[in-house]
Amino acid sequence: MNLSRIVITGVGLTAPNGNNLAEFRHALLTGKSGVELFETRHMGKVLAGVCKFETTRYQTRKELRVGTRAGSVSIYSAHEAVNDSAIAWDKVDKSRVGIYLGITEHGNVETENEIASLATFNNDTKFWSHYHNPRTVANNPAGEASLNLGITGPAYTLGAACAAGNLGIIHAAQMLRLGEVDFALAGGISESIRSFGIFAAFKSQGALAHHVDPTKASRPFDKSRNGIVVSEGGCIFAMERLEDAVARGAKIYGEIAGYAVNSDATDYVLPNPVRQAECIRLAIKNSGLAPEQIDILNTHATSTPLGDVQECQAVASAFEGHQLPHINNTKGFIGHAMGAAGSLELAGNLPSFDDLVVHPTINVDDLDPQCALPTLVLNQPKKVKRVDAILNNSFGMLGINSALIVKRYSA
Amino acid sequence: MTNDDIKKLVTDIIADIAPDEDLSALKPDVRLREQLQLDSMDFLDIVMELRKRHGIEVPEADYMQLATLDSCAKYLGPKFAAKGL
């Protein structure tokens, strides 16, 4: 099958430590964390990655009142991606634009808020908001972006737990190749920190990070890691078929080289390194690259004691007999941005094509021997000779695995 | 509660529902939806806020009574009076 080549031509994002790619990249190269104490219903202060983008840059105050935080993150990121792509937006046929956003979950925040409000009215359901349904439908984040930007093509979300950020990008590539759309806004978003339930559930599971210093709490691969820091964020890429991007002289951040998605089919929450390794191997095979041609592998590792070890096992297995790529992780800086994680973590590595620097995994004071892959980039950025391909792992609950490879564009 | 009091409390609700709107020159005898960007969901917000803030119920059959500030005062006046306000 002769498939169109798909490229990334714009990046819009908000992360706990940056509100555009330049800020985010700078933070990743200078060790700037985005984790802080955050007041949460029923739980008091928890550790979280909190975004501080300008909410009224692209939304009216009324839109902010009616919509959701996820919608707001989506709208901000989508506008930034369109702007960054430098496409003549006014001339774009909006019916040929697709919005594909990965989400870990959606609706918990709005439901919790409504339940709390209802309790102040003696749980009389006549006080339940008429906005509950449009706020909690799973397509809300994409739908709000379509409303705000006047996009009349397909706009929906993909539920894929914490693999979702990669899934949005993969799905967009598929839709562009099928000719369903000509321009895609794709990635992942999350508003999860506004829900106490996600913190409480991770705490009940023994998987919620704690540390006296919030900036040190997310510490993948460190011996003393003790769980996840939940974060919010969003990252949306402008994506096009190569011929369209070249025709308009677009800046090309990278080309989708290959990807794979599979399922563990073993457990609700525990990962399966055998299936993860299969996913990584399949992505590499589908990319047509040799394992030695992967230069950076961004791990999904969430700073949980077991999960980090299992991913290291999966990576070692997938590259067995081959040179390991430089390996890093972004969650030490920003925590786990859930549905946005895959997209944000890919974005944070894309500038490596230009500056040939691998951003580090931070907060590794005492490397866990079980995670001691020899090519881990620890604590300080590393200048390297070649970055032509980046592999981005994103895994999620219910055993969904994804690996996405983006390569340097060359004609 | 005077008619002006009622118009003010309705205007206060609208200010929260439509925070981008300039309400300084609202004409009391002109339909609110002709003067403001209010959709049907916003209108339901007015009904909900009357319920939440003032314990006033507006049955669906009476929604048209809230078309203007003047009609709001006329319709809501007896309801506030019935509550001793």
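This text gives an overview of the structure that appears in the document. Here the structure is a predicted model, which means the values were calculated and not measured.

Scoring rules and cut-offs
- Residues numbered from 1 in each chain as written.
- Chains lettered and ligands numbered in written order.
- Predicted model: local features only at pLDDT ≥ 70, side-chain atom pairs only at ≥ 80, totals over all residues.
- Heavy atoms only, no water.
- Helix = DSSP H or I, 4+ residues; strand = E, 2+ residues; numbered from the N terminus.
- Rg over C-alpha atoms; globule rule 2.2 N^0.38 Å.
- Areas by Shrake-Rupley, 256 points an atom, 1.4 Å probe, with all protein chains shown as cover.
- Buried < 20%, exposed > 50% of the residue type's maximum accessible area, 1.4 Å probe, protein only.
- Lys, Arg positive; Asp, Glu negative; His and termini not counted.
- Charge placed at Lys NZ, Arg CZ, Asp CG, Glu CD.
- Pairing = 2+ DSSP bridges.
- Axes fitted to C-alpha atoms, helices over the stretch in contact; angles between N-to-C directions.
- Contact = heavy atoms within 4.5 Å.
- Parallel < 35°, antiparallel > 145°, perpendicular 65-115°, else oblique.
- Nonpolar A, V, L, I, M, F, W, Y, C, P; charged D, E, K, R; others polar.
- Phe/Tyr/Trp six-rings, centres within 6.5 Å; stacked < 30°, edge-to-face > 60°.
- Lys NZ or Arg CZ within 6 Å of the ring centre and 35° of its normal.
- Polar contact = N/O pair within 3.5 Å; in protein donor to acceptor, adjacent residues only side chain to side chain.
- Core = buried A, V, L, I, M, F, W, Y, C linked by side-chain atoms within 4.5 Å.
- Salt bridge = Lys/Arg side-chain N within 4 Å of Asp/Glu carboxyl O.
- Patch = residues over 30% accessible without salt bridge, like charges linked within 9 Å, V, L, I, M, F, W, Y side chains within 5 Å.

## Side note on the overall build of chain A
From N to C terminus, chain A includes 14 helices and 15 strands. Relative to its length of 411 residues, chain A is compact, with a C-alpha radius of gyration of 20 Å against a globular reference of 22 Å. Projected onto the principal axes, the alpha-carbon positions of chain A cover approximately 65 × 50 × 40 Å. By element, 53% of the accessible surface of chain A is carried by carbon and sulfur atoms, the whole surface being about 15300 Å².

## So, the overall build of chain B
For chain B, the helix and strand inventory stands at four helices and zero strands. Helices (α) and strands (β) of chain B occur, in sequence order from the N terminus, as α-α-α-α. For 85 residues, the compact-globule formula gives about 12 Å, and the C-alpha radius of gyration of chain B, at 12 Å, lands near that figure. Reported as C-alpha extents along the three principal axes, the dimensions of chain B are approximately 35 × 25 × 20 Å. With 85 residues in all, chain B has 42% of them scored as buried. Surface accessibility of chain B: about 4600 Å² in total, with carbon and sulfur atoms responsible for 50%. Side-chain charges of chain B comprise 11 positive and 17 negative groups, with the mean position of each set lying 5 Å from the other.

## A few points about the sheet that holds strand E1 (residues 6-14) of chain A
Residues and elements named next belong to chain A. With respect to topology, ten strands assemble into an open sheet ordered E5-E4-E6-E8-E1-E9-E15-E14-E10-E11, the strand pairing being mixed. The sheet terminates laterally at strand E5 (155-159) and strand E11 (326-329), the two strands that pair on one side only. Within this sheet the neighbouring strands show an average axis-to-axis angle of 25 degrees, counted without direction. Contacting strand E9 (254-263), strand E14 (389-396) and strand E15 (400-407), helix H10 (residues 273-287) crosses the sheet at an angle of about 145 degrees to E9. Against the sheet, helix H11 (residues 305-318) touches strand E10 (296-299), E11 and E14, its axis set at about 140 degrees to E14.

## Considering the packing of helix H1 (residues 21-30) of chain A against helix H13 (residues 341-349) of chain A
Residues and elements named next belong to chain A. At a closest axis distance of 9 Å, the pairing of H1 and H13 adopts a crossing angle of 80 degrees. As summarised for this structure, H1 and H13 are arranged roughly perpendicular, according to the angle between their axes. From H1, Leu 21, Phe 24, Arg 25 and Leu 28 reach across to H13, where they touch Leu 344, Ala 347, Gly 348 and Asn 349. Considering only residue class, the contact of H1 with H13 consists of five nonpolar, two polar and one charged.

## Some remarks on the packing of aromatic side chains
What the rule picks out here adds up to six aromatic pairs over all chains. Look at Phe 43 of chain B and Tyr 63 of chain B: their rings are 6.0 Å apart centre to centre, the planes differ by 70 degrees, and that puts the pair in the edge-to-face class. You can see Phe 43 of chain B sitting in helix H3 (residues 40-54) and its partner Tyr 63 of chain B sitting in the loop between H3 and helix H4 (69-82), a full 20 residues away along the chain. What makes Phe 43 of chain B buried here is its relative accessible area of 13%. A connected cluster of aromatic rings, assembled from ring pairs, spans Phe 53, Tyr 58 and Tyr 76 of chain A. Here Lys 251 of chain A stacks its cationic end above the ring of Tyr 253 of chain A, 4.6 Å away from the centre of that ring.

## Considering the environment of Thr 120 of chain A
All names here are of chain A. Along the chain, Thr 120 turns up in the loop between helix H4 (108-119) and helix H5 (132-136). Judged by its relative accessible area of 60%, Thr 120 is exposed. A polar contact is formed between the side chain of Thr 120 and the backbone oxygen of Ser 117, at a distance of 2.5 Å.

## Focus on the nonpolar core
Side chains of nonpolar character tend, in soluble globular proteins, to be buried together. All names here are of chain A. Ile 8, Val 11, Phe 237 and Met 239 are the most contacted members of the largest nonpolar core, which has 44 residues in total. The element that contributes the greatest number of residues to this core is helix H7 (residues 164-178), accounting for six residues. When residues no more than four places from it in sequence are discounted, the contact partners of Val 11 are Leu 21, Glu 80, Ala 81, Asp 84, Cys 235, Ile 236, Phe 237, Tyr 253, Ala 347 and Leu 350.

## Focus: the pairing of E9 of chain A
Residues and elements named next belong to chain A. With eight of ten residues buried, E9 is to be regarded as a mostly interior element. Sheet analysis places E1 next to E9, joined by two bridges and oriented antiparallel. Note on E9: the bridge partner recorded for Val 7 is Glu 255. The sheet contact formed by E9 and E15 spans eight bridges and is antiparallel. When the bridges of E15 are listed, Ile 256 appears paired with Val 406.

## Section: the pattern of salt bridges
Inspection of every chain in the model, using the stated rule, returns 31 salt bridges over all chains. Residues Arg 241 of chain A and Asp 182 of chain A are paired through a salt bridge, measuring 2.5 Å at the closest nitrogen-oxygen approach. Pair noted here: Arg 241 of chain A is in strand E8 (residues 233-241) and Asp 182 of chain A is in the loop between H7 and strand E6 (183-190), with a separation of 59 residues, a long-range link. Note on Asp 182 of chain A: relative accessible area 28%, which makes it partly exposed. The partner of Arg 51 of chain B in a salt bridge is Glu 57 of chain B, with the nearest N and O atoms 3.1 Å apart. By relative accessible area, Glu 57 of chain B is classed as partly exposed at 31%.

## Some remarks on a nonpolar patch on the surface
Among the surface-exposed residues, Tyr 268, Val 269, Leu 270, Leu 306, Met 397 and Leu 398 of chain A lie close enough to one another that they form a single nonpolar patch of about 590 Å² accessible area. Locating Leu 270 of chain A in the fold gives a position in the loop between E9 and H10.

## Describing the sheet that holds strand E7 (residues 230-231) of chain A
All names here are of chain A. The three strands lie next to each other as E2-E3-E7, forming an open sheet whose pairing is mixed. In the strand order of this sheet, the two ends are held by strand E2 (35-40) and E7, each with one partner. When strand E3 (residues 44-49) meets E7, the two strands line up parallel, connected through two bridges. Opposite Ala 48, over in E7, you have Val 230 as the bridge partner.

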